[in-house]
Amino acid sequence: MSDDALRRPLPPSVFARLAQATRYAITGVSPDTWFGPLQPLAPMAPPEVKGRQFDYPFGANLNYIPRAEDGISFAELRGLADALPLLRAVIETRKDQIAAQSYAVRARARADAPDVSKSIDAVSSFLARPDRRHSFADWLRMLVEEMLVIDAATIYPRYARGGALYSLDIIDGATIKPLIGEDGRAPEAPDPAYQQILKGVPAADFSADELIYLPRNLRSHRLYGMSPVEQIALTVNIALRRDAATLDYYRTGSSPDAFATLPKEWTADQIRSFQDYFDALMSGNLARRRMTKFMPADFKLIETRQPPLKDQYDEWLARLICYAFSVPASAFVSQVNRATSETLRMQATQEGLVPLKSWIKSALDRVIQDCMDEPALEFVWVGDDAVDPLQQAQTLQILVGAGIKTREEARAELGLGAEGVGKPPGAARGLGKFNPHHDERGRFATAANATEPSDAAAPAASVSGYPESWQACHEKCLAETEGVWPPSDRPGLYRRCVRECLGPAGDDY
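Throughout, a residue's number is its position along its own chain's written sequence, starting from 1. The predicted nature of this model means local features are confined to residues of pLDDT at least 70 and side-chain atom pairs, given and counted, to a pLDDT of 80 or more, with totals for whole chains, interfaces and linings taken over all residues. Think of the side-chain values as coming from all heavy atoms in the structure, minus any hydrogens and water.

Chemist: Just checking my understanding: could you explain the overall build of the protein for this structure?
Modeler: Scanning the protein from terminus to terminus reveals 15 helices and 10 strands. For the protein, buried positions account for 29% of its 509 residues. Only heavy atoms matter for contacts: two residues are in contact if any of them lie within 4.5 Å across the pair. In the protein, 60% of the contacts between residues at least 6 apart in sequence involve partners at least 24 apart. Taken as a whole, the protein presents about 32,900 Å² of accessible surface, with 55% of it coming from carbon and sulfur. Put simply, DSSP marks the helices as runs of H or I at least four residues long and the strands as runs of E at least two long, and each gets a number from the N terminus on. Partly exposed residues are those whose accessible area sits between 20% and 50% of the maximum for their type, while under 20% is buried and over 50% is exposed, using a 1.4 Å probe and protein chains only. For accessible areas, the Shrake-Rupley method is used with a probe of radius 1.4 Å. Any residue's cover is judged against the shown protein chains and nothing else.

Here's what the structure looks like:
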């Protein structure tokens, strides 16, 4: 007999069993309820399963072929994007639009950095050639191509031996397989979160800190994003088959141009012989086709109806494809008037270009703040195509004049840095814009009496007729009333501050 003690788990007490039973009980639901809902079944999975993101297949990480469980593969999505000329034109248009945008690197609002001018110059110089091979516009076109076609844009940050960011290399997202933990989410570093599949086998592991995987249209029940090309895959297939039919019409013809009848007494052999004779007569010498032809008696010619090469359904397909990418369809549909065309352009910009710019900004902010270790800086787009510049300027003028927004907030909305950022201590505030033919008030002048930017921004000459101390008082009161809620109280507090600062003279301002 073995000397080892026999270990048996103690059965739960009566109170423990009662507590476990009442844990899954719904108050007020009893078996005596007439046709009631009854109590739900007790959960059968372990407690740690609670909160799993989705019901993933068993052994999901073992299936290492990217996008194997989805209906359309990465190769098929790329094939659809390249095969249909209309779709490729729309994609290239969107890439041209985003590559033509102006950008800047600036200090973040309320960043505690006394002088970030050198950091801004360094980041701007790096973004001029992010991968040390292509310009920023060309690099951005490759990144947007990956997002629009397969929605698997991937950036691989490479570092120098000293730890500084060396380059941002774009990797083919079709080779990346996302991994998941037991909760259905990507594992955190240093555990591997992605695998690169090369030559049909797993080639490398990447943690979440080593690879920047940027699907735009994520879904909670899928590992991969859903690109605009995938959203209109059926529409693209229909358009491809219509283009193929049109090509066959021009190349071989889908039906004869006309049918001719022969005397009913002719046999099948006579008809076949006459057909061969007539085909030989019409081929070869092009000039003989225009000569008079003598036909048998009772000969009749029946012309077929020509098929429509473009109809309303083609325009409908073009509208669907353009709508998926938020590109105006005015170039592919019946002509519209100028006002409608401008409305469509503005609508497409707001629905497509603005979200795309936000996605790129989020990605580059992550690069600047995490990979380049510059938390005080951010990437911004300069200008907004979705807003009329005149309306934007008038709106900002009204908000700043009413004290609802400060000049710094207005500059930030325009993509400009804060006043005085990057300047040495004691330097004059202001835009610092200098024109040799403008005086300190912006009026036209000669080069002799024009002022330098430091003189133009001096507080004493800021506003004609105001006291010398008004500029300092104005900035002080703006700072003290910043962030007041509700904003409608701010103008009154500002005027009270000015009166306290300037005395009786403040009532006039």
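Back to the text.
Chemist: Looking at this model, I keep getting lost on unusual backbone geometry. Mind explaining?
Modeler: Peptide bonds are mostly trans, and most non-glycine residues show a negative phi. Here alanine 189 and proline 190 are connected by a cis peptide whose omega angle stands at 10°. Along the polypeptide, proline 190 turns up in the loop between strand S4 (176–178) and strand S5 (192–198). In the Ramachandran plot, lysine 199 falls in the positive-phi region, its phi being about 55° despite a non-glycine side chain. Structurally, lysine 199 is set in the loop between S5 and strand S6 (201–207). Overall, the relative accessible area of 84% leaves lysine 199 in the exposed class. Its identity is not glycine, yet serine 326 carries a phi of approximately 55°, on the positive side. Positionally, serine 326 belongs in the loop between helix H9 (312–324) and helix H10 (338–371).

Chemist: How should I be thinking about the nonpolar core in this particular structure?
Modeler: It is characteristic of soluble globular proteins that their nonpolar side chains tend to be buried jointly. Counting 74 residues, the largest nonpolar core has Leu87, Val229, Phe325 and Ile360 as its most contacted members. Nonpolar cores are built from buried Ala, Val, Leu, Ile, Met, Phe, Trp, Tyr and Cys residues. Side-chain atoms within 4.5 Å join them into one set. Core analysis: the second largest hydrophobic core is formed by seven residues, Cys473, Tyr494, Cys497 and Leu502 among them.

Chemist: I would appreciate a short explanation of the sheet that holds S6 in the present structure.
Modeler: Strand pairs in the sheet, formed through backbone hydrogen bonds, run parallel or antiparallel to each other. Here, a strand pair is defined by DSSP locating no fewer than two bridges between the strands. The strand order S4-S5-S6 describes an open sheet built from three strands, whose pairing is antiparallel. One side of each edge strand has no neighbouring strand; the edge strands of this open sheet are S4 and S6. Strand-to-strand twist in this sheet, taken as the mean axis angle between neighbours without regard to direction, amounts to 30°. Relative to S5, S4 is paired through three bridges, and the arrangement is antiparallel. Across the sheet, isoleucine 176 pairs through a bridge with glutamine 196, a residue of S5. Under this scheme, a helix contributes an axis fitted over its contacting stretch, all axes are lines through C-alpha atoms, and angles between N-to-C directions fall in the 0 to 180 degree range.

Chemist: Which parts of the structure should I look at to understand the side chain of threonine 175?
Modeler: Of note, threonine 175 is situated in the loop between strand S3 (165–171) and S4. Side-chain polar atoms of threonine 175 contact the backbone oxygen of aspartate 172, separated by 2.7 Å. Beyond its immediate chain neighbours, meaning those up to four positions away, threonine 175 contacts Pro66, Gln195, Gln196, Ile197 and Leu198. Definition of a polar contact: a pair of N or O atoms within 3.5 Å, with one able to donate and the other able to accept a hydrogen when the atoms are protein atoms, and with sequence-neighbouring residues admitted only if both atoms are side-chain atoms.

Chemist: Please explain the confidence of the model for the protein as it appears in this structure.
Modeler: Interpretation of this model should avoid reading the predicted coordinates in detail wherever pLDDT is low. For the protein, the mean per-residue pLDDT works out to 78, and 72% of the residues sit at or above 70. pLDDT runs from 0 to 100 and stands for how confident the predictor is about each residue. For the protein, per-element mean pLDDT is lowest for helix H13 (residues 453–456), which scores 41, and highest for helix H5 (residues 136–149), which scores 96. Below a pLDDT of 50 lies the segment residues 450–464, which in the model reaches 23 contacts outside its immediate sequence neighbourhood of four places, other chains included.

Chemist: I'm lost on the pattern of salt bridges in this one. Help?
Modeler: Here, a salt bridge means any Lys or Arg side-chain nitrogen found within 4 Å of an Asp or Glu carboxyl oxygen. This structure, assessed with the given rule, holds 19 salt bridges. Across the pair aspartate 70 and arginine 67 runs a salt bridge whose closest N-O atoms are separated by 3.6 Å. Accessibility expressed as a relative area gives 1% for arginine 67, which makes it buried. Taken together, the salt bridges that share partners define one network made up of Asp82, Arg88, Glu92, Lys95, Asp96, Arg141 and Glu145.

Chemist: Help me out: how do you make sense of the pairing of strand S2 (residues 153–159) in this one?
Modeler: Put simply, side chains in a regular strand alternate between the two faces of the sheet. Sheet topology note: the S2/strand S7 (residues 212–214) ladder contains three bridges and is antiparallel. When the sheet's bridge partners are listed, alanine 153 is paired in S7 with leucine 214. For S2 and S3, the ladder comprises six bridges, and the chain directions are antiparallel. In the strand pairing of S3, tyrosine 156 is matched with aspartate 169. Between S2 and S3, which pair antiparallel and follow one another directly, the connecting turn spans five residues, one of which, glycine 163, has a positive phi of 100°.

Chemist: Where do I start with the packing of helix H2 (residues 74–83) against helix H3 (residues 85–99) in this structure?
Modeler: A pair of packed helices can be characterised by two numbers: the angle between their axes and the separation between those axes. Remark: H2 packs on H3, axes separated minimally by 5 Å, with the N-to-C direction vectors making an angle of 95°. It follows that H2 is roughly perpendicular to H3 by the angle criterion. Taking contact as the criterion, the partners of Leu80, Ala81, Asp82 and Ala83 in H2 are, on H3, Pro85, Leu87, Arg88 and Ile91. Here the residues of the contact of H2 with H3 are counted per class, giving six nonpolar, no polar and two charged. In these notes the angle categories are as follows: under 35 degrees is roughly parallel, over 145 is roughly antiparallel, 65 to 115 is roughly perpendicular, and the rest is oblique. Here the nonpolar group is Ala, Val, Leu, Ile, Met, Phe, Trp, Tyr, Cys and Pro; Asp, Glu, Lys and Arg are the charged ones; every other residue, Gly included, is treated as polar.

Chemist: When you look at the sheet that holds S7 in this model, what are you seeing that I'm missing?
Modeler: Taken in spatial order, the three strands line up as S3-S2-S7 in an open sheet, and their pairing is antiparallel. Among the strands making up the open sheet, the edge pair consists of S3 and S7. In this sheet, adjacent strand axes meet at a mean angle of 20° when their direction is disregarded.

Chemist: How should the environment of isoleucine 72 be read in this particular structure?
Modeler: Turning to its location among the elements, isoleucine 72 is positioned in the loop between helix H1 (14–23) and H2. C-alpha separation for the pair isoleucine 72 and alanine 233, spaced 161 residues apart in sequence, amounts to 8.8 Å. Those residues in contact with isoleucine 72, other than ones at most four positions away along the chain, are Arg67, Leu77, Glu230 and Ala233.

Chemist: Which parts of the structure should I look at to understand a negative patch on the surface?
Modeler: A surface patch of negative charge is lined by Asp205, Asp209, Glu210, Asp370 and Asp373. Its location among the elements puts aspartate 373 in the loop between H10 and strand S10 (377–382). Owing to a relative accessible area of 58%, aspartate 373 belongs among the exposed residues under this scheme. Residues enter a patch when their relative accessible area is above 30% and they make no salt bridge; the linking distance is 9 Å between like charges and 5 Å between nonpolar side chains (Val, Leu, Ile, Met, Phe, Trp, Tyr). Note that His is not counted, nor are the chain ends; the positive residues are Lys and Arg, and the negative ones are Asp and Glu. To locate a charge, the coordinates of NZ of Lys, CZ of Arg, CG of Asp or CD of Glu are taken.

Chemist: Is there a simple way to explain the packing of aromatic side chains in this structure?
Modeler: Between two aromatic rings, the relevant description is the distance of the centres plus the angle of the planes. We call Phe, Tyr and Trp rings a pair once their centres come within 6.5 Å, taking the six-membered ring for Trp, and we label the pair stacked below 30 degrees between planes, edge-to-face above 60, and tilted otherwise. Counted by the stated rule, this structure contains 13 aromatic pairs. Where phenylalanine 379 meets tryptophan 381, the ring centres are 5.1 Å apart and the plane angle is 90°; that geometry is what we call edge-to-face. Assessed through its relative accessible area of 0%, phenylalanine 379 is described here as buried. According to the relative accessible area criterion, tryptophan 381 is buried, its value standing at 11%.

Chemist: Got a minute to help me understand helix H4 (residues 117–128) in this structure?
Modeler: Residues that lie three or four places apart on an α-helix share one face, since the helix turns once every 3.6 residues. A helix's residues, less one, multiplied by 1.5 Å, set its expected span. For H4, with 12 residues, the first-to-last C-alpha span of 17 Å sits near the 16 Å given by 1.5 Å per residue. Here H4 has its buried residues at Ile120, Val123, Phe126 and Leu127. The buried residues of H4 occupy one face: seen down the axis, they fall within an arc of 130°. What points out from H4, more than 90 degrees from its buried face, is the exposed set Lys118, Asp121 and Ser125. Summarising the geometry, the arc corresponds to the directions from the helix axis toward the C-beta atoms.

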